[in-house]
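Close look at the chain arrangement
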Amino acid sequence: MKKKILLMPSPPNSGSIGSVTKCIGLAKEIERRGGDVRFVMGGKLENLIRSNGFMVYKSPVPNIDASISSINNAVEFMKWTGMTQSQYLADSVLAELQAISDFKPDVVFAEARPSASISTRIAKVPSAMIASWPIHPAFPSNKSCDGVGTRDVNQILAKHHLPEIKNITELMFQTADLKIAPTLPVLEPELQKFSDIYFNGYILDTVTTETDPQMSAFMKINKPLIFIYLSVSALSPQLYKEVILQTFQNKDFKILCCCGYHYHLTELDSSVDHICFTRYVPTNAVINQANLVIFHGGQDTMLTTLLHGLPSITVTGRHFERSYNAEQLARLGASIHLPVHAFRPGRLNQAVHKAILGPYQEKSKALSRQLMEYGGSAQCADLLLSF
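In short, a report on the structure. Being a predicted model, the structure only gives us computed values, none of them experimental.

Counting secondary structure elements, the protein contains 16 helices and 13 strands. For 387 residues, the compact-globule estimate of 2.2 N^0.38 gives 21 Å, and the C-alpha radius of gyration of the protein, at 20 Å, lies within 12% of that figure. Along the first, second and third principal axes, the C-alpha atoms of the protein reach 60 × 45 × 40 Å. Relative to its 387 residues, the protein shows a buried fraction of 58%. Put simply, 68% of the contacts in the protein that link residues at least 6 apart link residues at least 24 apart.

Here is the structure:
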């Protein structure tokens, strides 16, 4: 009988696609091994999952709290996304329980999805969750938020006879039966002190190698490639599109900027032949041609960049996890951490020149060799199927 794995990516309505694309890559590895995999997701990203051939159980989409202007810790992130708002949390738990009841999975895999910590315990189904130091309750800026936003959550937990929490980050992965850290110990050294966390290097879509015909035509332009993904960050799409055009319109690079499904993005720009703005492109299908990656400091883009041994420039803004990642990359000599105020044509040009000609690629290639020693997405699929 096929093993059944139910995937629950992080559900924010901001337009970030990293968690979903990660799970799509994992789903492909599970299917290649004969497993049966389905998703729980709502909103626009539901369509992206379906377009990759997977069944999706619908779930509600949280509403962003626009009053939060900077995200200094995981508690603020959870509040900003709306994932711990009382009504949403109750509705999400219900949707997940319905999916579990219908599919009857052997294990649930979730990332940054607080409701999954509740639904899996109610249903008494084994769970595997993504672990990272910046979302651990002991992370300094998280630890200072003990008690913040816990009242409504504890009411829901009490309703289902589950233990109350002191910090809402406990719902990120602390309750999981299997805690998987898709990173290197050298990138998150603080996690090494926890004996119940399994390092597996990365969970990415390393299977998809094809793009649509229009993207294939762009990739044939005979210029060195710079790949850009800034996700939902301190830089608005309007701002970063303008800076990218000003910086590179007369330069001998082709620029591929993946914008995701940013909630403020209304239209793309196609005014310059060698600069392409797109909502989504399978990163694995294009990044092997890149000379440099400019990104927001997100975990998945970081690991993809390192896996291919590429130098990078990070522009993180005031975001706890992305800043942490960027600081680790800079410490290891693989990237340049550029402050938001420096994201302008003159300074960006200088950083690009320095990143391509400096020692950053050598350092990134060394980290790539370390990543290759871990099992990655394939190892994660094996763990889930044997759980």
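Structure shown, so let's carry the discussion forward.
In this fold, Ser 231 is placed in the loop between β8 (225–229) and α10 (237–248). Here Ser 231 falls in the buried class, since its relative accessible area comes to 1%. Within the structure, the side chain of Ser 231 is placed 3.3 Å from the side chain of Tyr 229, a separation counted as a polar contact.

Attention now moves to the packing of aromatic side chains. Under the counting rule described, the total for this entry stands at six aromatic pairs. Members of the aromatic cluster, connected to one another through ring pairs, are Trp 133, Phe 139, Phe 194, Phe 320 and Tyr 324.

Glancing now at the pattern of salt bridges. If the charged atoms of two oppositely charged side chains come close together, the side chains can form a pair. Applying the stated criterion to the full structure yields 13 salt bridges. The partner of Glu 96 in a salt bridge is Arg 113, with the nearest N and O atoms 2.7 Å apart. You can see Glu 96 sitting in helix α4 (residues 86–103) and its partner Arg 113 sitting in the loop between β4 (107–110) and α5 (114–123), a full 17 residues away along the chain. Here Arg 113 falls in the buried class, since its relative accessible area comes to 0%. The partner of Lys 179 in a salt bridge is Asp 196, with the nearest N and O atoms 3.2 Å apart. In this pair, Lys 179 is assigned in strand β6 (residues 178–181) and Asp 196 in the loop between β6 and β7 (197–199), connecting sequence segments 17 residues apart. You can call Lys 179 buried: its relative accessible area is 10%. Because the salt bridges share partners, they merge into one network encompassing Glu 29, Arg 32, Arg 33 and Asp 382.

Here the focus is the packing of helix α1 (residues 18–32) against helix α2 (residues 44–51). In contact at an axis separation of 11 Å, α1 and α2 are set at 20° when each is read in the N-to-C sense. In terms of orientation, α1 and α2 fall into the roughly parallel class. Considering how the two elements wind past one another, α1 and α2 form a crossing that is right-handed. Contact with α1, carried on its side by Val 20, Thr 21 and Ile 24, involves Leu 45, Leu 48 and Ile 49 of α2 and no other residues of that element. The residue makeup of the contact of α1 with α2, split by class, is five nonpolar, one polar and no charged.

Right, let's talk about the state of the cysteines for a bit. For the coordinates displayed, the defined rule picks out zero disulfides. Considering cysteine sulfurs only, Cys 257 is the nearest to Cys 259, which forms no disulfide, with 4.1 Å between them. Classification of Cys 259 by relative accessible area gives buried; the value is 2%.

Take the sheet that holds strand β11 (residues 290–295) next. On the basis of which strands lie adjacent, the open sheet formed by six strands has the order β10-β9-β8-β11-β12-β13 and parallel pairing. Taken across any chain shown, the strands that pair with only one partner, and hence form the sheet edges, are β10 (275–278) and β13 (335–337). Averaged over all adjacent pairs, the angle separating strand axes in this sheet is 15°, with direction ignored. The pairing of β8 with β11 spans five bridges and is classified as parallel. Among the inter-strand pairings, Phe 227 is bridged to a residue of β11, identified as Val 293. Relative to the sheet, α10 contacts β8, β9 (254–258), β10 and β11, its axis offset from that of β10 by approximately 165°. Contacts between helix α13 (residues 320–331) and the sheet are confined to β11, β12 (312–314) and β13, with β13 contributing the most and set at about 130° to the helix.

So, on to the environment of Glu 373. Position of Glu 373 among the secondary structure elements: in the loop between α15 (360–372) and α16 (376–385). Classification of Glu 373 as exposed rests on a relative accessible area of 67%. Through-space distance from the C-alpha of Glu 373 to that of Gly 298 is 22 Å; in sequence the pair is 75 residues apart.

Right, let's talk about the pairing of β4 for a bit. A two-sided burial pattern is seen for β4, the buried positions comprising Val 107 and Phe 109 on one face and Val 108 and Ala 110 on the other. By the bridge criterion, four bridges tie strand β1 (residues 4–8) to β4 in an arrangement that is parallel. Across the sheet, Leu 6 pairs through a bridge with Val 108, a residue of β4. Bridge count for β4 against strand β5 (residues 127–130) is three bridges, and the pairing is parallel. Looking across to β5, one finds that Ala 110 is bridged to Met 129. Traced from β4 through α5 to β5, the parallel crossover comes out right-handed.

Parameters and conventions
Positions within a chain are numbered from 1, following the residues in the order the chain's sequence is written. This being a predicted model, a pLDDT of at least 70 is required before a residue's local features are given, and a value of 80 or more before pairs of side-chain atoms are given or counted; all residues contribute to the totals for chains, interfaces and linings. Side-chain measures here rest on the full set of heavy atoms in the structure, leaving out hydrogens and waters. Strands here are runs of E lasting at least two residues and helices are runs of H or I lasting at least four, both read from the DSSP assignment and numbered beginning at the N terminus. C-alpha atoms define the radius of gyration in this analysis, and the globule rule sets the expected value at 2.2 Å times the number of residues to the power 0.38. The rule is simple: take the accessible area with a 1.4 Å probe, protein chains only, and divide by the maximum for that residue type; under 20% is buried, over 50% is exposed, in between is partly exposed. Contacts are residue-level and defined by heavy atoms, with any inter-residue pair within 4.5 Å sufficient. Nitrogen and oxygen atoms within 3.5 Å of one another constitute a polar contact, given that in protein one can donate a hydrogen and the other can accept it, and given that sequence-neighbouring residues count only through two side-chain atoms. Two rings belonging to Phe, Tyr or Trp (six-membered ring only in the last case) form a pair when the distance between their centres is within 6.5 Å. Interplanar angles under 30 degrees mark stacking, angles over 60 mark edge-to-face geometry, and anything in between is tilted. A side-chain nitrogen of Lys or Arg and a carboxyl oxygen of Asp or Glu constitute a salt bridge if their distance falls within 4 Å. Orientation is described by axes fitted as lines to C-alpha atoms, over the contacting stretch for helices, and by angles from 0 to 180 degrees between their N-to-C directions. The scheme is simple: roughly parallel for angles under 35 degrees, roughly antiparallel for over 145, roughly perpendicular for 65 to 115, oblique for anything else. Throughout, a crossing is termed right-handed when the near helix is turned clockwise from the far one, and left-handed when it is turned anticlockwise from it by less than a right angle. For this classification, Asp, Glu, Lys and Arg are treated as charged, while Ala, Val, Leu, Ile, Met, Phe, Trp, Tyr, Cys and Pro are nonpolar and the rest, including Gly, are polar. Here, two cysteine sulfur atoms that lie within 2.5 Å of each other are counted as a disulfide. For two strands to count as paired, DSSP must find a minimum of two bridges between them. Crossover handedness is defined by viewing with both strands directed away from the observer: a clockwise path from the first strand over the helix to the second marks the crossover as right-handed.

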